[in-house]
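Descriptive analysis of the structure
If you want the building blocks of each chain, they are given just below.
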Amino acid sequence: MALVPCQVLRVAILLSYCSILCNYKAIEMPSHQTYGGSWKFLTFIDLVIQAVFFGICVLTDLSTLLTRDSGNQEQERQLRKLISLRDWTLAVLAFPVGVFVVAVFWTIYAYDREMIYPKLLDNFIPGWLNHGMHTTVLPFILIEMRTSHHQYPSRSSGLAAICTFSVAYILWVCWIHHVTGMWVYPFLEHIGSGARIIFFGSTTILMNFLYLLGEVLNSYIWDTQRSMEEEKEKPKLE
């Protein structure tokens, strides 16, 4: 039996995201007052995605508890829709966007933090909040994948959805530059237009790769789990 029920873990993770979002929004940074506000940063968008996703998870758990043994077909139908929404959100948004934010942020940070997270931000954002936005996202989403099986959508529709999200965000970043004359991320100021096109194309490809990685990881976790359960059920030879 698990040390902590997965339902309790989901509530704890949801509360942690709510705390992170509240603390982040309470910070008075100049960038929050400019065009686009917090919504121009993929980190903030990802935090909202993760909070919404775990909110759906908690709501699914509550609905499952309330409809258990009820025999109400309408309630069961609504529950199946909620589970489908939960699974779709993880597959298309929570996993690929969450892993992307963690991987890209820390890769650029390790190379030159001024390109992605200038030292000046240390005066506004405490270290624990930075890790809440850019580190704990990964273990939280992996915990969720390990504790619950998620049904991925068809590969074509899933890839189309993540491509749509990626292109929409790139267009949003370009629009902000068009309006303000400044790029959302400092490193975009230091590379040419050709390099920017390559970077944007590469990020879209990476998002697609992360979607496929999540699909493979989900199948591996639960195929292995199923095999272990089947092995336990086999009668032992005397």
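A quick note: this is a predicted structure, and the numbers were derived from the prediction, not measured.

**Regarding the environment of Phe100**
Mapped onto the secondary structure, Phe100 falls in helix α3 (residues 73-112). We classify Phe100 as buried; its relative accessible area is 8%. Residues Phe100 and Leu138 lie 38 residues apart in sequence; the distance between their C-alpha atoms is 9.4 Å. Not counting chain neighbours up to four residues away, the residues in contact with Phe100 comprise Leu42, Phe105, Thr203, Leu206, Met207 and Leu210.

**What to know about the UniProt feature "transmembrane region" (unreviewed entry) in the protein**
Here the UniProt-annotated "transmembrane region" (unreviewed entry) positions come out as residues 42-67, 88-108, 128-145, 157-178 and 198-222. Summarising residues 42-67: 100% helix, 0% strand, and an end-to-end C-alpha distance of 37 Å. Spanning residues 88-108, this segment combines 100% helix with 0% strand, and its end C-alpha atoms are found 29 Å apart.

**A word on a nonpolar patch on the surface**
Taken together, Tyr35, Trp175 and Val179 make up a surface patch of nonpolar side chains, about 290 Å² in accessible area. Secondary-structure assignment places Tyr35 in the loop between α1 (6-26) and α2 (42-67). Take Tyr35: its relative accessible area is 36%, and that puts it in the partly exposed class.

Parameters and conventions
Residues numbered from 1 in each chain as written. Predicted model: local features only at pLDDT ≥ 70, side-chain atom pairs only at ≥ 80, totals over all residues. Heavy atoms only, no water. Helix = DSSP H or I, 4+ residues; strand = E, 2+ residues; numbered from the N terminus. Buried < 20%, exposed > 50% of the residue type's maximum accessible area, 1.4 Å probe, protein only. Contact = heavy atoms within 4.5 Å. UniProt positions renumbered as here; feature names shortened; annotations may be inferred. Patch = residues over 30% accessible without salt bridge, like charges linked within 9 Å, V, L, I, M, F, W, Y side chains within 5 Å. Areas by Shrake-Rupley, 256 points an atom, 1.4 Å probe, with all protein chains shown as cover. Salt bridge = Lys/Arg side-chain N within 4 Å of Asp/Glu carboxyl O.

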